[in-house]
Every structure is written in structure tokens, then in C-alpha cells.
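Now for the letters of each chain:
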2 protein chains.
Amino acid sequence: MSAPAAGPPERDPPPSAPVEDYLKAVYECELRSGSAATSDLAAALQVAPASVTGMVRRLASQGYLDHVPYRGVQLTPRGRAVALRTIRRHRVLESYLTAVLGVPWDRVHEEAERLEHAASDDLVERMAAALGHPRTDPHGAPIPTAEGTIAERTLGSLADLAPGATARVVMVSDRNPALLRYVAEIGLHPGTEVMLVARAPFGGPLTLRIGDRDTQVGPTLAAQLRVEDSAERAGAVECAAARPADGTTAPTGTP
Amino acid sequence: MSAPAAGPPERDPPPSAPVEDYLKAVYECELRSGSAATSDLAAALQVAPASVTGMVRRLASQGYLDHVPYRGVQLTPRGRAVALRTIRRHRVLESYLTAVLGVPWDRVHEEAERLEHAASDDLVERMAAALGHPRTDPHGAPIPTAEGTIAERTLGSLADLAPGATARVVMVSDRNPALLRYVAEIGLHPGTEVMLVARAPFGGPLTLRIGDRDTQVGPTLAAQLRVEDSAERAGAVECAAARPADGTTAPTGTP
DNA sequence: TCCCAGAATTAGGCGACCCTAAAAGCCCCC
DNA sequence: GGGGGCTTTTAGGGTCGCCTAATTCTGGGA
């Protein structure tokens, strides 16, 4: 009651939609490359680099980011909390819209991208509960908990797989609807087992065995397909034929 | 291909959330009092009157409104289409969130108020389909069709009912969550038959018979309760006792 | 008819986000 | 060790939506 300069009870306004988008983008850049450069963010957010600099300054002044000029940014715990909360909303929404309302796989991302800024926590938790608290979204990406923890896994790219090796597709890291549609069309849903049959030299197409069918895909597409971590994959290579199904259920590691 | 000045194929950007809110407010003001004054809109939107003037000018220049300075505004067909589309989204969302996800009656409005600007038409139609294309929202308000027609009915206020008369509550025209909670608590859900037992003089409380219980409510609350149109009500008065249930099902006229 | 209270509009500003162009900094390669 | 190329930041604007204060208009009553 008399504390003069200590923790003031002032509560700043909730983060705006652009703020949530920036923090989400920083989180994803950090995850991918360990750090987030201005140009990475500009590309991810489809915004001019100068705009990123301005917003980053503001976010840093509000305690969401640490910014070392010319050196990129890092999330503070406060910023990470907002990012994970936003990602949870996004992925729960994607799961719900797909599973309950039948929104197609390749269109659900853009829908969730807008709704994630408008849905209340209460609503998101109701959706999660209706689905039995799923651990991954329909693209195979892990859903952070309401408490802000996430089971991130280091994933490899299908493009890096050794010929003859088998791996489980975990997710597709591209948002392009046409690409998503095509990936679904050739049967590469999250959780699918796929074997790299052959790789043509000089950036030529990769031959994949999906189920009992062989399909050829370009290296660009293959690079977008995230598969289980290379360590696990190395194991998978050795006993690929001997291990037809170890955990064919959920694409994410269930405990 | 050579038309020099005819209909240019330029498509302007989709209306922003504030624009949708303004047009919705104009629609509701027109419905209530036949016209929309600057001060009405300012009150409805919780915004300074000067802000309304500015926005109204912009909306008029974009063809959403007709504005006669110092005389108020009117929706153009284009503006009405946006308003009805927004109201449809809002009411379908309210219906879905209440019926499927169990969002409480008194909290669903604010949730829909945000989601209505973010949900795609496709999503809203999926929700409507999942519910079997409802005609009214949980507050009893009619839902416009996807084509933009609405079955508006002129509703009276419970406060204007003659003592002894019976009417069916159609909706509550107040967004105050505490009021909505109280109204639900005393059993006044949309569709409920209610009889005005007595009215204390000089702005005193009204005694209502709801089911087999009498409840007293203040005139302010009673004024918020919309009941079937007075013409129908007049009829209802005369054969109130003789007509226990004519269409006890849906509060809106089902064909 | 005149006047005045209340409603509406104009004037002048502010913050959030975005842009282009120009300047500055960083780093690798010669 | 000095450039040159790419990245980042600064400088200077623009739009949208909102605000307060000052001004103008409208309409009803004396």
C-alpha cells in the first residue's frame, strides 16, 4: 500500500496482432537457425527490413526482446511466453478446425493465422478439451501446453536422408497451399513412413517409396519435408525392414 | 477490353474490423430508431463523436453510407450487405460457440465480437451447416442468410405490455453480461412465455409470471426484454389462457 | 423572431505499423 | 589491411483510427 517505487500494478495492454506475429516469427527463426536476424524476420513477415527494425526497437523497449543492433534479436522469457501462447492458439485452432469442422488441411493455416489473434484463452481450452488435448496439430507440429512448455524435436529434412533409409514424415514446413495439397495428394501425411529409394545426381529428383508406390519429387519439395531426427533416423535405417511399425499412432512421441 | 471509363475491375480491400463495426452499428441504429445519428453511433461504438464524423466521411466516400451533414447517415445497399454479412457471422458464431463448445450465454457475445472479423465465410458456413442452419442465435435474434436477407420482426418491449397480458420473450437487447446472467437466472430464456401480472406505479417494479413462479423486475430490466410484436401480442392477450402453446418450439417463426 | 442548448463538424494531434531511399556498419576476400 | 557487398539502421513519409478543444449548425422555446 505504501510501496513507493517497487512493482507498480500497472498492467500493459495485451499484445496486438502484429506483436504476436513478430514474436512468433522470432521464436520460429530462433528454432530454425538459433538466432533471428532482421532480414529473416522481414522475409517471414513479408515486411520491409526497415519496418522490422522499428518494431524490434519497440518490442525490446517493452521487454519482449533483447536486441543488439546489427546482431539480431532474442526472445526474453516474457516474449517467449507470448510466442508460445500464440503458437498454442494457432495449433489448437488448426487441429479443431480440421478435425471437427472439416476445414481442408491446406487451408487451415491461413484461417488459424487470423483466428489466433481473436480467440480467447477460454475458447482455445474448450477446443483443446473437445479434442482430448492433442499433442500435435494436423501438420504434425507439437502443440505447446497451456503452461507454455513445448516438446520441440530436432527434425531432419527428407532431402538429407541416406538412400535406402526409411523415416517417418513428421510435418511439412512450408505454408504454400498448393504444395500442401500436392504433398497430401501423393500420400505424405504426417506420420507416414517413407523410404528414400534413390536420389538422382546434380539436384535431380528423389524417388520415394510411400506405402507400396514409388513417387518422384523434386529436391525443393523434399527439403520441406521434416522427418524424425537424424539420430533416430540412423537407427531407423538399420532396422528399417525389421521394424514395420513401432509407434504408428501419433507422429509425435507419446510418452 | 477497350472500355475507357466504365466499370473498372479494381477491387478495393476488404472492410477492416472497425469498418465492419461501424456498419453493423448503423444497421442496428436504423433498425431501432429509423435513422442513425452521430451521437447514437458514438454511444454504440464507445467512441468520441468527432471520431464518428471522421469515419463516416470515409465510409461515405467509399460508398458504404449516405451522409447528409448534420442529418445523420443511412446505409447504401453496399453498406447493408457488409453489415448483414457481419451480423450473420456474429450470430452463427454465437450459436456455434454456445451449442457445440458450451461457451456460456453471457460471455459468447464478446467472443463473437472479435471472431466475426477473423473467421472466413467458408468457416462460418461450416459452422452453420454443423448446426443445421439455425434461424436465430442463442439470444433469439434472427440470423441473416448467406445471401443477405434477414427476417427482422418488429419487437415490443416487455415494459410496454398490458397488465394481464402474456408474451413470448424473443431476446434480450442488452449486452451487459451481469444483466444477461441475471435474466438467465430468473428463467427468462428466449422463447419463454411470460405474463405481466402487475405493474407498480411511478416506475416501480413489474411482477412477471415465468412458468409457475412470480418474479419482480425493475422497469429498466423489463425495457431490455424484447417480446413478440405488439399486434401479435394484442392477439395473445385475448386468448392467452385459451392458447397455452401455439408454437412453443423455436422463438423465430419456423415456416 | 431571436436565442441558446445540444448535436455535429472542423482543427490539430497522437500512436501503431507500414514504406522507400539513403546512410552506416559488418565481414569476408583479396 | 583495405575494399566491396550485403545487412541493418536512420530519415522522412503515409494511412488508419482515435482523441480533445474549438467552432458551427439546428431546432425548440421564450
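Residues numbered from 1 in each chain as written. Chains lettered and ligands numbered in written order. Predicted model: local features only at pLDDT ≥ 70, side-chain atom pairs only at ≥ 80, totals over all residues. Heavy atoms only, no water.

A. Layout of the pattern of salt bridges. Evaluation of the coordinates by the stated rule reveals 28 salt bridges over all chains. As a salt-bridge pair, A:D122 and B:R107 come within 3.8 Å of each other at their nearest N and O atoms. Residue A:D122 is found in helix α6 (residues 121–130), and its partner B:R107 is found in the loop between α4 (77–99) and α5 (108–115); the two belong to separate chains. Taking the relative accessible area as the measure of exposure, B:R107 reaches 38% and is therefore partly exposed. The partner of B:D12 in a salt bridge is B:R78, with the nearest N and O atoms 3.3 Å apart. (Salt bridge = Lys/Arg side-chain N within 4 Å of Asp/Glu carboxyl O. Helix = DSSP H or I, 4+ residues; strand = E, 2+ residues; numbered from the N terminus. Buried < 20%, exposed > 50% of the residue type's maximum accessible area, 1.4 Å probe, protein only.)

B. Spotlight on the interface of chain B and chain A. Counting residues at the interface gives 19 residues for chain B, matched by 19 residues for chain A. Summing the contributions of chain B and of chain A, the shared interface buries around 1500 Å²; its carbon and sulfur component is 58%. Linking chain B with chain A are two salt bridges, by the criterion used here. Put simply, chain B and chain A have nine residue pairs in polar contact (both at pLDDT 80 or more) between them. Taken together, the elements giving at least two residues each to the side of chain B that touches chain A come down to α4, α5 and α6 (121–130) of chain B. In terms of residue count, the dominant contributor to the side of chain B that touches chain A is α6(B) (five residues). For the side of chain B that touches chain A, a count of residues per class yields twelve nonpolar, two polar and five charged. (Contact = heavy atoms within 4.5 Å. Buried area = accessible area lost by both parts, 1.4 Å probe. Polar contact = N/O pair within 3.5 Å; in protein donor to acceptor, adjacent residues only side chain to side chain. Nonpolar A, V, L, I, M, F, W, Y, C, P; charged D, E, K, R; others polar.)

C. Summary view of the sheet that holds strand β7 (residues 213–217) of chain A. All names here are of chain A. Within the open sheet, the six strands sit side by side as β3-β8-β4-β5-β6-β7. Their pairing is antiparallel. On the outer flanks of this sheet lie β3 (156–157) and β7, each paired with one strand and no other. Two strands pair when backbone bridges link them, and strand β6 (residues 206–210) and β7 are joined in this way by five bridges, in the antiparallel orientation. Note that in β7 the partner of R209 across the bridge is D214. Most of the contacts of helix α7 (residues 177–185) go to strand β4 (residues 166–172), to which it runs at about 145°, and overall it touches β4, β7 and β8 (225–227). (Pairing = 2+ DSSP bridges. Axes fitted to C-alpha atoms, helices over the stretch in contact; angles between N-to-C directions.)

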